[in-house]
Structure formats: structure tokens, C-alpha cells
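# Per-entry structural report
Each chain is listed here by its residues.
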Amino acid sequence: MAYGKDIKEILYGGDYNPEQWPQEVWEEDMRLMKKAHINIVTLNTFSWAALQPSEDRYCFENLDRIMDLVRKNGLKVCLATATGAHPAWMAKRHPDILRTDRNGIKRKFGGRHNSCPNSPSYRKYAAKLAGLLAKRYKGYENIVAWHVSNEFGGECYCENCEQAFRKWLQKRFGTIEELNRVFYTAFWGHTFYSWDEVVLPNLQSEHFLADGMERSMFQGITLEYRRFMSESMLECFQMEYQEIKKEMPDIPVTTNLMGFYKPLDYQKWAKQMDFVSWDSYPDPADTPAETALQHDLMRGIHKQESFVLMEQTPSVTNWQPYNRLKRPGEVRLLSYQAAAHGADAIQFFQIRQSVGACEKFHGAVIGHAGRDDTRVFRELEQLGRELGQLGDVFLEGHTPAEAAIFFDWDNWWALEDSAGPSIRMKYLDAVKDYYTAAFESNIPLDIIGMEDSFDSYKVIIAPLLYMTKTGIDERIRKFVGNGGIFVTTYFSGIVDGHDLVVQGGYPGRLRDILGIWVEENDALLEGEENSFVYKGTLYPARVLCDLMHLEHAKALSVYAKDFYQNMPVITKNQFGRGYAYYVGTRSDSGFYHKFLEDIFTEAKVAEAMATPKGVEAAIRVADDREVLFLMNHNEGSEWVVLNHDYSDLLNGKEYRKGDPVEVGAKGVFLFLKRNTK
């Protein structure tokens, strides 16, 4: 469980930075946090400069006072290691700590995400600080978790990284001959004769700019560098993790992730974390499905276990072009949506609003006015009161999903680094197409990786499965053969794990499962469409059209025009006791809703509840308790007819099956399903 087994309440709070304030403000903050029902603070996130003002001097006295104050006031602590931004003296004295960008330009001190993950100096000082903090504060019983660094991210192309990359490749591939094979260096005469001839793939070497995008001439080396950089940063997390565990082995350790963050393979990161935490900052234009998808990803990368919502804004962000306020009820709605999809703690950035620098206009629990009668504070006070009332009713609860969607960072990287067939072909777009259709039908979904078990699912959807790593086809073959339904899409089964094309015809290793042969791919221009009829309705074919031939499959629909008119576009193949579907183009939301409705009906996958459009129904099951979340994302009230007997967890009212309930605009209901046996 996130934050440990002994926590029997929903933790509610956020990032608190008292080092930015005179001490006379601290006592007022304690009063205001109590009034808002806050019970946890994240401390020490960016204090490295204050804690270590010089090479061998450490100053913990101010942090001591802060730690003692929050303990005296009954607050739990998620203690950060402060290594998210290195001190200025360190950059001056140890320039190896500074990153080099993709243009080959070495940065100076400033900003965040500016420490080279392969810098000996960074690794030395970061590990030492984490260990000193753990040793100093291990006697504080109110520490419930450790928070390493902050939002790991970015990349580096310095000499230290280049040397480390060569060693990493040598360990990974063993011989220079194998390296040349997987990089396909016979193309353009790129053969390497020794390891020290390998250079980093950036704008000084294999990368170039085209149509405003950075592209790669050798995708194999680019893919490996993405893997290497993600693992380099993970090593930095593990280094601090190990220092903490030496002193406090029983306290869980995390770092805050960032949803669909492309540079870091979070499926690998999650295996090294005691629990997942993440920072949710939806764009105002994001749909409820897009926000829910990110929550489900965070739950999925850690064995479908609960997570911590480490950061969200109480009101407004500061970095978007237009920083729109959250409307009345919106922060409550988004908080409960996070809980519905697996969050066991609801936290904010920040507790008190900064007075300077780039986040001075970012929202906070306590605004610049310092008052407790603002709209934002009143809403947060209400939410804190409700969460306290709920206790542990859904803590450690799981989502009862019978369907899953594949997501894989290697696929994401390799597909979008590929030279062709279309720059419009985006991995996340394809995932969202299918997820959104299921979400809007209230079908619970898990997001799974290539190594996760398939056993509990009736349906697995793998949009744009461009890369088929070793063994994945065998696992899909077994899943379908045993009665499962597998759905994949255009441009799938194309390459192996090294981004080398699988010979013998597309879709490569999936060909027998799908019962088709794809001969060509037609990339459509912006605004250009083909079309097809499915179940009597005409739908568009966009972005890419696979030109395929039937082998064992049958066609469910065909293209309506062009020279490939009447060629299959959607196919179904019986394989063993199950079925494999192939959708050879990208279509619109109407098609995905109808298509998945048919798939889920065939597989007998049930919705959580029937609701009007815009009203989300989600379920969490904890022990023998089933909690239904009803969340209205619309601007007006909606009526929902209940499908079981329920007790309202917030007002205690009892409801019978068939009773209608009115869910107000941005409103939320939490129901406990009553046992009617």
C-alpha cells in the first residue's frame, strides 16, 4: 500500500516549503493546515543549497526546527532528499555536474533538471546527503515516506555520458560485431571497429531537424540511448534509495513521476520504487478520459496497486500559455477521480504560495492573501473534511478490470523515431482512441506492460504494436488460443526489439495469430481520408491505411475507394478458442465506441454502471467492500438510475436498486454497495 500498511486514513496535504518564509509565519501555517484538515506535508524538496552551503559543511538546524514543529502539530511527513537542484558552489567547483544539451552546448548553473546523471560529483554528493538525512531523522516516527529528488527528467549528452554509454553498450551486446548487427551499421557505411568510436546520437551526429521535429538517421542507436538515459537516471534514484534504506529499512521510498513522460521508462522505474507517486496537471483542454488514463497508467506500472497523487494544483498552474482557474467543484471532482482510479492520498503543490520566481502565481492552499475565507481554501477545507470522514473505506482497493490496454515505452520511442511512414502517426493518439471509447462506456481498464500477466483479462488491446519484443508473440498466441480476445491496429508487428524489420511480411510474428498479410501502408495527407462501412455506418479512414490480404481471417469491413477499394480494413481471425482482430487504419470516436461495444459484448465484459454522457462511474474494491464513484464532468446536473442497493458514504442516506439520483454539475457521489443476499 502507498505510504505503508499502518496508515488507516486518506492522507491529505502537499508540498510545504517553510524555508522560504520567516519563522513567525510557520505557526499561522500550522493553524491554517489544521483548519483545512491537512494531515501530511512533503518537506525539504529543494533545500540542497541551504543544507550544504559548501564542500564539507552541512547545516540541518533550520530543518530540525521545521521537523520538530510539524511533529508537534501532529502532521505526518514525506521527507524529500532535496537533490532535485544542486547548489551553485557545486556547479562552479565540479563542472562535471552540469549537463550538455542535444546541441553539444554545456549548460551553466541554473534551472532544474540540470545535474548530469552520470556525473561522479553528482552521484557522490547526492548519495551522501540522502544518507545523512536518513541518519539524522530516523527517530521521527511521523515520517511515513521518503521522496527522492523531484520529477527526474531531461537528458544529457556530455563526455561522461558518452563514456558510460559505451560501457553500457559493451555490457549489453558483448561484442562489437553484435553491436553492428543490431544497429544495422552496414547501412551508409556506419560500421564501428572499436567501442571508443561510438558517439552519442544528438544534433552533432545522427540527429537532424525536419519540419520542426528532431529526427534520427539511425534509429537503433537512438533507441538504445533513450534506454540508457532512462536507466542512468534510475541508477541515481536507486543510489539514494539504498542510502535511505540503510538507516530506515521499513519506511517506503518513492519519487514523483509525471504520467506519460516520454524520456523515462516508468514501467522499469516502478519495479525499483516502494510505491508510485505522481504529479497530475491536466491541460484545461484535456478530456476526463485523458486524465483518467494517466491515473490508470500510474496504477498499472506498479502491479495495479494504489498510488499517491503527490501533486496537483488547488486552483491554477503557472506554466501554460493561459492558466485557467479550476472552476467551483473542479478540484474536488479531480481529487475523487484520482481516488476512483487508485489514489490513496490526495496532495497539492503547494501549501503556501511563493512570493517570487517562476512559481509565484502557481496556486496554493494558502494564497498570497494568507486568508482562510477564500473560495479555494473553503473548497479544500470541505474536501479535507470529507476525506477524513471516509477513513480507510477504499484504501488498498483495486479496480475490477477484465480488459486491458498495452502500453510500452520502447514502442513509443521506436515508432516515433522511425523514418516513415507518417509523422502524423502518434503512439499516444492510438492508445487514447481505444481507452476513451472504453472510458466513456464506463468499462474498467488496466494499463499493462509487456511483462505483466494476461491471465485475468478477457480482452487485451494493443494499439500500434509496432515492436514485438522477444516472446511477446508467444504470450499473445497463448492468450488468444486459450479463449481471449486480442485487438491490434495498423502498423503492428513490424520490428523486433532492436527496431529491425521482421522478415517474411507484415505483421511479422503476429501474422498467424491475426490471419492476414499486410503488403503496403498508405500514409494519408493532413485532411485526406478514405472510408469504410462497419455495421451499416460509414466511418473515416485516416492517417494510415494498411493494404492487407486475408490468409485465415475474415473481413468485417473493406475500404470504400482508391486503388485498394474492397481490400479488407477490419478483420477477425479465430485462433484456438479465441479471436484476434485487426483494425488497419485510424478512424473516429464513433467507430471506436461501436467497435469496442461489440468486442466487450462478445467477451461479456460488463460496464460499471450505465450513465448519461459525461458522468463517469468507477469502482474500487477493498477487501469485501465495493465503492462506486459517480462523477459528473458536465456543466449541468444529470440523473443516474442506480443498479444496486447502496449507502451514501458522505451523507449516510440509503438507496435501493432503481432509485434515481441527481448528480450536480462537477458533483461527486461515493456509494458503498450493500450486500443484498
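Before any of the text, the structure's been laid out above.
Residues numbered from 1 in each chain as written. Predicted model: local features only at pLDDT ≥ 70, side-chain atom pairs only at ≥ 80, totals over all residues. Heavy atoms only, no water.

For the rest of this paragraph, the subject is the environment of T83. If you trace the backbone, T83 turns up in the loop between strand 3 (76-80) and helix 4 (88-93). Note on T83: relative accessible area 1%, which makes it buried. Note: C-alpha distance between T83 and L129 (46 residues apart in sequence) is 8.0 Å. Residues contacting T83, with those up to four places away along its chain left out, are T45, W48, Y122, A126, L129, S149 and E240. A polar side-chain atom of T83 sits 2.7 Å from a polar atom in the side chain of E240. (Helix = DSSP H or I, 4+ residues; strand = E, 2+ residues; numbered from the N terminus. Buried < 20%, exposed > 50% of the residue type's maximum accessible area, 1.4 Å probe, protein only. Contact = heavy atoms within 4.5 Å. Polar contact = N/O pair within 3.5 Å; in protein donor to acceptor, adjacent residues only side chain to side chain.)

Strand order in this open sheet of nine strands is 7-4-3-2-1-11-10-9-8, and the pairing throughout is parallel. A strand with exactly one partner marks an edge of an open sheet, and here the two such strands are strand 7 (253-254) and strand 8 (256-257). With four bridges connecting them, strand 1 (residues 11-15) and strand 11 (residues 343-348) associate as parallel partners. From the neighbouring strand, Y12 faces strand 11, where its bridge partner is I346. (Pairing = 2+ DSSP bridges.)

Judged by side-chain polarity, Y184, F187, W188, F208 and M217 come together as a nonpolar surface patch covering roughly 530 Å² of accessible area. The residue F208 is located in strand 5 (residues 207-210) in this model. (Patch = residues over 30% accessible without salt bridge, like charges linked within 9 Å, V, L, I, M, F, W, Y side chains within 5 Å. Areas by Shrake-Rupley, 256 points an atom, 1.4 Å probe, with all protein chains shown as cover. Salt bridge = Lys/Arg side-chain N within 4 Å of Asp/Glu carboxyl O.)

Next up on the list: the sheet that holds strand 20 (residues 568-575). On the basis of which strands lie adjacent, the open sheet formed by seven strands has the order 13-12-14-15-21-20-19 and mixed pairing. Two strands close off the open sheet at either side, each with one partner strand: strand 13 (445-448) and strand 19 (554-558). Across this sheet, the average inter-strand angle for adjacent strands is 20 degrees, counted without regard to direction. Pairing of strand 15 (residues 485-489) with strand 21 (residues 578-583), which is carried by five bridges, proceeds in the parallel orientation. By the bridge assignment for strand 21, T488 is matched with Y582. (Axes fitted to C-alpha atoms, helices over the stretch in contact; angles between N-to-C directions.)

Core analysis: the biggest nonpolar cluster contains 181 residues, and I143, W146, W269, L390, F394, F407 and F595 have the highest contact counts within it. It is helix 8 (residues 219-247) that contributes the most residues to this core, 12 residues altogether. Discounting residues that sit within four places of it in the chain, W269 has contacts with F152, S230, M233, L234, F237, T255, L257 and L264. With 24 residues, the next largest nonpolar core counts Y457, A462, V518 and Y582 among its residues. (Core = buried A, V, L, I, M, F, W, Y, C linked by side-chain atoms within 4.5 Å.)

Evaluated as defined, the whole model comprises 47 aromatic pairs. When the ring of F260 is compared with that of W412, the centres are 6.4 Å apart and the planes differ by 80 degrees; the resulting orientation is edge-to-face. Here F260, found in the loop between strand 8 and helix 9 (266-270), pairs with W412, found in helix 13 (residues 409-417); they are 152 residues apart in sequence, far enough to count as distant. One exposure class covers both F260 and W412, and it is buried. Between Y646 and F671, the ring centres sit 5.5 Å apart and the planes meet at 40 degrees, which makes this aromatic pair tilted. With a gap of 25 residues between them, Y646 in strand 26 (residues 646-648) and F671 in strand 29 (residues 668-673) connect regions that are remote in the sequence. Three or more aromatic residues joined by ring pairs make a cluster, and in this case those are Y434, F532, Y534, Y539, Y581, F591, Y592 and F595. Across the ring face of W21, the terminal group of R352 is positioned such that the distance to the ring centre comes to 5.1 Å. (Phe/Tyr/Trp six-rings, centres within 6.5 Å; stacked < 30°, edge-to-face > 60°. Lys NZ or Arg CZ within 6 Å of the ring centre and 35° of its normal.)

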